[in-house]
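Here are the chains, one letter per residue:
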Amino acid sequence: MSNWNAGYMAEIAYTYGYYEELNPLRLRLPLLAAGLALPASGTACELGFGQGVSANIHAAASATRWHGNDFNPSQAAFAQELASASGAGAQFTDESFAQFCRRDDLPDFDYICLHGIWSWVSAENRALIVAFLQRKLKVGGVAYISYNTQPGWSAMMPMRDLLAEHSRVMSAPGVGVLARVDGAIDFVDRMIATQPRYLEAYPLLADRFEKLKALDRNYVAHEYFNADWQPMAFSRLAAMLGEAKLEFAASANYTALVDMLNLTAEHQQFLAEIPDPTFRETTRAFLVNEQFRKDYWVKGARRLTPLAQASALRAVRVMLAVPRDEVVLSVHGVLGDADMDERVYAPVLDAMADHRVYTIGELEQQLQLAGSDAGLAALLQIVLILVSKGSVLAVQDEAGIAVARPQTARLNAHLLTLALERTDLHILASPLTGGGVVVSHLQQLFLWAQLQGAATPQDCVRATWPVLLRLNQLLTRDGQPLLTEEENLAELLAHAEYFATRTLPVLRALGVAD
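Read on for a plain summary of the structure. (Residues numbered from 1 in each chain as written. Predicted model: local features only at pLDDT ≥ 70, side-chain atom pairs only at ≥ 80, totals over all residues. Heavy atoms only, no water.)

1. Quick look at the overall build of the protein
Piece 1. When helices and strands are counted, the protein shows 21 helices and 16 strands.
Piece 2. Computed over its C-alpha atoms, the radius of gyration of the protein comes to 24 Å, within 12% of the 24 Å expected for a compact globule of 514 residues.
Piece 3. Looking at the 514 residues of the protein, the share that counts as buried comes to 52%.
Piece 4. Taking the intrachain contacts of the protein between residues at least 6 apart in sequence as the baseline, contacts between residues at least 24 apart amount to 76%. (Helix = DSSP H or I, 4+ residues; strand = E, 2+ residues; numbered from the N terminus. Rg over C-alpha atoms; globule rule 2.2 N^0.38 Å. Buried < 20%, exposed > 50% of the residue type's maximum accessible area, 1.4 Å probe, protein only. Contact = heavy atoms within 4.5 Å.)

Listed below in structure tokens is the structure:
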């Protein structure tokens, strides 16, 4: 049998998640906050796109032409199905990295992204990826790479190896991967019950393993049971990407850009004394015990003058993406949950409460007229935190929106049709944000019902209840399943009324619904 999967988990499909960090529009704020010039946005590529949900959302929601590969043919087929539905011209194949990265018919790319792939492929494939970045990423282009990192994974690595080795050695021949995963988890669970000395040295691992046990088994299989699994220190990745002339630009994790959420004053002072940026990031990982990084890297970073940086920041377009009164004034960082001062955030949220598109410069002017003394730097931090919570989203220019509208309409119509037969796709495309918006399965059914002519919440209930019955999807209240039809219909009507009055206006503002 040919080893086309190169040791990567191929017996079960990858999850159907959407990853907002892969949206090219999302890199603007971090790069501008770092004082760097922005790349062009004509071409993009995702290496190892999984089910292709993110790549298809971003292709449909922009004028950018997307390419990508994933070795798994069933996943590539699903990605191609979505691409055909949107008509955005995205090109997705089931080629290996060796095949795809050596092609000579691909365009040069403004943006190349990899979600997690770096940690789960062989050293040979990582070398192919670096060569691809060197050859195909344009000068001035940006690469996004997320990966497991040290030191946060150090204590867990031997336990991961034990799980994978149990799956390889102790499972009976012919046993499916999910059964092997369950067997390995049960083995480690029983080992922990014997109170091994390893856990005495690393007592937090028991709690971490308990959380692992509660995860979706498909995710666990892909996360822990591949032949290759390599958490990597930031400095080592920086050295490898340096061979492709890439340098670190900024974290794609917006909360990581706000030091006070993650570092004590003593930590900040300690890092400020380190002149080398790579060593500073490597040291920072120890201060926050980093496990997973999401980073932007630039080929040929260009520094903006302070005036050009301020001008570019003021031109960034944003909008409020949730009802104003549903924004919780709390944000989570490494140091824990932090309260957001209402006196600081309420004026910004109030200014955006109508869900119109505003530039940061327009918000700055409104705050000044209202008597606020918040300058551009303070407003930037406010916006970064609100974006990190999903309360505010970046918005592309009007030309991009015009191109995206028919593409997202077609893709969303297809996704709504899929909601009649499956419940694991919780995302729709927004032509304004260039990316995805979380829309629950039930809300997708309400949108589908409206496309069928449902005009009232009662109409939506009549249209969606048969679908839920067919899918065995009973509703819950306070975490408890509702068992009678009468209870389900009453709860469904409450959801439909809330959707019509609260959720639908926001989805219309985002261009997700008509």
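2. A closer look at the environment of Thr 484
Piece 1. Tracing the sequence through the fold places Thr 484 in the loop between strand S16 (480–481) and helix H21 (485–509).
Piece 2. Overall, the relative accessible area of 37% leaves Thr 484 in the partly exposed class.
Piece 3. Separated by 202 residues in sequence, Thr 484 and Thr 282 place their C-alpha atoms 56 Å apart.
Piece 4. A polar contact of 3.1 Å, which involves the side chain of Thr 484, links it to the backbone nitrogen of Glu 487. (Polar contact = N/O pair within 3.5 Å; in protein donor to acceptor, adjacent residues only side chain to side chain.)

3. Quick notes on empty space enclosed by the protein
Piece 1. Summed over all chains, the structure comprises one cavity of 30 Å³ or more.
Piece 2. Roughly 30 Å³ of internal volume is contained in the largest cavity.
Piece 3. Lining the largest cavity, in full, are Val 53, Asn 56, Ile 57, Leu 82, Leu 411, Leu 415 and Ile 427.
Piece 4. Listed by contribution, the elements that provide at least two residues to the lining of the largest cavity are helix H2 (53–60) and helix H18 (398–418).
Piece 5. Counting residues per element, the lining of the largest cavity draws most heavily on H2, at three residues. (1 Å grid on protein atoms, 1.4 Å probe; cavity = no way out; pocket = protein on both sides within 12 Å on 5 of 7 lines; lining within 4 Å. Points joined across faces, edges and corners; volume = space filled by probe spheres on them.)

4. So, the nonpolar core
Piece 1. In this structure, Ile 57, Leu 415, Leu 447, Leu 492, Leu 507 and Leu 510 are the most contacted members of the largest nonpolar core, which totals 48 residues.
Piece 2. Put simply, the parts of the chain that give this core at least two residues each are H2, helix H3 (73–86), strand S12 (392–395), H18, strand S13 (427–430), helix H19 (441–451), helix H20 (457–470) and H21.
Piece 3. Beyond its immediate sequence surroundings of up to four residues, Ile 57 is in contact with Tyr 18, Leu 411, Leu 415, Ile 427, Leu 428, Ala 429, Gly 435 and Gly 436.
Piece 4. In this structure, Leu 261, Met 352, Leu 379 and Val 387 belong to the second largest nonpolar core, which totals 32 residues. (Core = buried A, V, L, I, M, F, W, Y, C linked by side-chain atoms within 4.5 Å.)

5. Topic: unusual backbone geometry
Piece 1. Look at the link from Gln 150 to Pro 151: it is a cis peptide, with omega at 5 degrees.
Piece 2. Along the polypeptide, Pro 151 turns up in the loop between strand S5 (137–148) and helix H6 (157–169).
Piece 3. Unlike most non-glycine residues, Asn 289 shows phi in positive territory, near 55 degrees.
Piece 4. For Asn 289, the position within the fold is in the loop between helix H13 (277–288) and strand S7 (292–299).
Piece 5. Taking the relative accessible area as the measure of exposure, Asn 289 reaches 44% and is therefore partly exposed.
Piece 6. One non-glycine residue, Asp 478, lies in the positive phi region at around 55 degrees.
Piece 7. Topologically, Asp 478 is positioned in the loop between strand S15 (476–477) and S16.
Piece 8. Judged by its relative accessible area of 74%, Asp 478 falls in the exposed class.

6. Structural notes on a nonpolar patch on the surface
Piece 1. The grouping of Leu 469, Leu 474 and Leu 483 at the surface amounts to a nonpolar patch, some 310 Å² of accessible area in total.
Piece 2. Residue placement: Leu 474 occurs in the loop between H20 and S15.
Piece 3. The class for Leu 474 is partly exposed, based on a relative accessible area of 44%. (Patch = residues over 30% accessible without salt bridge, like charges linked within 9 Å, V, L, I, M, F, W, Y side chains within 5 Å. Areas by Shrake-Rupley, 256 points an atom, 1.4 Å probe, with all protein chains shown as cover. Salt bridge = Lys/Arg side-chain N within 4 Å of Asp/Glu carboxyl O.)

7. A few points about helix H17 (residues 376–388)
Piece 1. Between the first and last C-alpha of H17 there are 18 Å, a value that for 13 residues agrees with the 18 Å anticipated at 1.5 Å per step.
Piece 2. Burial in H17 covers these residues: Leu 376, Leu 379, Leu 380, Ile 382, Val 383, Leu 384, Ile 385, Leu 386 and Val 387. (Expected span 1.5 Å × (residues − 1).)

8. Some remarks on the sheet that holds S5
Piece 1. If you trace the seven strands from one edge of the open sheet to the other, you get S3-S2-S1-S4-S5-S7-S6, paired in mixed fashion. Either end of the sheet is taken by a strand with one partner, and the two such strands are strand S3 (91–93) and strand S6 (246–251). Direction aside, the axes of adjacent strands within the sheet are offset by 20 degrees on average.
Piece 2. Two strands pair when backbone bridges link them, and strand S4 (residues 109–115) and S5 are joined in this way by six bridges, in the parallel orientation. Among the inter-strand pairings, Tyr 111 is bridged to a residue of S5, identified as Val 142.
Piece 3. Across the face of the sheet, helix H11 (residues 234–242) comes into contact with S5, S6 and S7 while running at roughly 25 degrees to S7. (Pairing = 2+ DSSP bridges. Axes fitted to C-alpha atoms, helices over the stretch in contact; angles between N-to-C directions.)

9. Observations concerning the pattern of salt bridges
Piece 1. In this structure the tally under the stated criterion is 28 salt bridges.
Piece 2. Measuring nitrogen to oxygen at the nearest pair gives 3.5 Å for the salt bridge that ties Asp 207 to Lys 211. Of this pair, Asp 207 and Lys 211 both sit in helix H9 (residues 205–213), four residues apart, which is roughly one turn of that helix.
Piece 3. The exposure class assigned to Asp 207 is partly exposed, which follows from its relative accessible area of 45%.
Piece 4. You can call Lys 211 exposed: its relative accessible area is 55%.
Piece 5. Connected via shared salt-bridge partners are Glu 281, Arg 284, Glu 290, Arg 293 and Asp 295.

10. Observations regarding the pairing of S4
Note on strand geometry: in a regular strand, side chains alternate between the two faces of the sheet.
Piece 1. For S4, the buried fraction is high: seven of the seven residues fall into the buried class.
Piece 2. Two elements, strand S1 (residues 43–47) and S4, share three bridges in a ladder whose sense is parallel. Bridge pairing links Cys 45 to Ile 112 in S4.
Piece 3. Handedness of the crossover is the feature at issue here: the chain leaves S4, passes through helix H5 (residues 123–136), returns alongside S5, and the resulting connection is right-handed. (Right-handed = clockwise from strand over helix to strand, strands pointing away.)

11. What to know about the layout of surface pockets
Piece 1. Of the volumes computed, that of the second largest pocket is approximately 590 Å³.
Piece 2. Together, 31 residues line the second largest pocket, and Ala 321, Gly 390, Leu 393, Val 437 and Val 438 are the ones closest to its centre.
Piece 3. Secondary structure elements with two or more residues in the lining of the second largest pocket: S12, strand S14 (435–438) and H21.
Piece 4. Here the lining of the second largest pocket takes five residues from H21, the largest share from any one element.
Piece 5. Partitioned by chemical class, the residues of the lining of the second largest pocket number 18 nonpolar, eight polar and five charged. (Nonpolar A, V, L, I, M, F, W, Y, C, P; charged D, E, K, R; others polar.)

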